[in-house]
Amino acid sequence: MILAQDTPVLLPDEPTTFLDLVAHWDLMALLSHIRAEDGRSIVMVLHELNLAAAFADTIVMMESGQVLHSGAPVDMLSPDRLRDAFDLNARVIAHPDTGRPVCLPHRDARQGASL
């Protein structure tokens, strides 16, 4: 529906929720194509860090309506920033094909046994 409205700015809120991995990628690729071809701006709420890192030009990390960090994915997805923003322990590596950051969450010792 938001594509049919032909507005200069798209504001999708969690557009990949309930979609499988292929549909995630296809939708994000479509939005990326629209941004590149039509010159539309896209401001998206997305909690899937690796998907955001794969497609976003800028990532904004927020908490309680306040911006904690903002910048390029390679700068935003760092172990320190992920810990600060989400209390998430993660290793961040470069994707072997794109060089974009990939977040690999891991449990720290205080979290107990695996499921």
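Residues numbered from 1 in each chain as written. Predicted model: local features only at pLDDT ≥ 70, side-chain atom pairs only at ≥ 80, totals over all residues. Heavy atoms only, no water.

1. Concerning unusual backbone geometry
This is how the line gets drawn: Secondary structure elements are taken from DSSP: a helix is a run of H or I of four residues or more, a strand is a run of E of two residues or more, and numbering for both begins at the N terminus. Here the term buried applies to any residue with accessible area under 20% of the maximum for its type, exposed to any over 50%, and partly exposed to those in between, with areas from a 1.4 Å probe on protein chains only.
The phi dihedral of Glu-14 is positive, around 50 degrees, even though this residue is not glycine. Position of Glu-14 relative to the elements: it lies in the loop between strand 1 (9–10) and helix 1 (21–38). On the basis of relative accessibility, which here comes to 19%, the residue Glu-14 falls in the buried class. Phi at Ser-64 takes a positive value of approximately 50 degrees, unusual for a residue other than glycine.

2. Re the pattern of salt bridges
Formally: Salt-bridge detection follows one rule: a side-chain nitrogen of Lys or Arg within 4 Å of a carboxyl oxygen of Asp or Glu.
In the structure shown here, the tally under the stated rule is three salt bridges. For the salt bridge of Arg-40 with Asp-38, the shortest nitrogen-to-oxygen distance reads 3.8 Å. Classification of Arg-40 by relative accessible area gives buried; the value is 10%. Between Arg-83 and Asp-80 there is a salt bridge whose closest N-O contact spans 3.1 Å. Linking Arg-83 with Asp-80, this pair stays in helix 4 (residues 79–86), spanning three residues, or about one helical turn. A relative accessible area of 55% means that Asp-80 is categorised as exposed.

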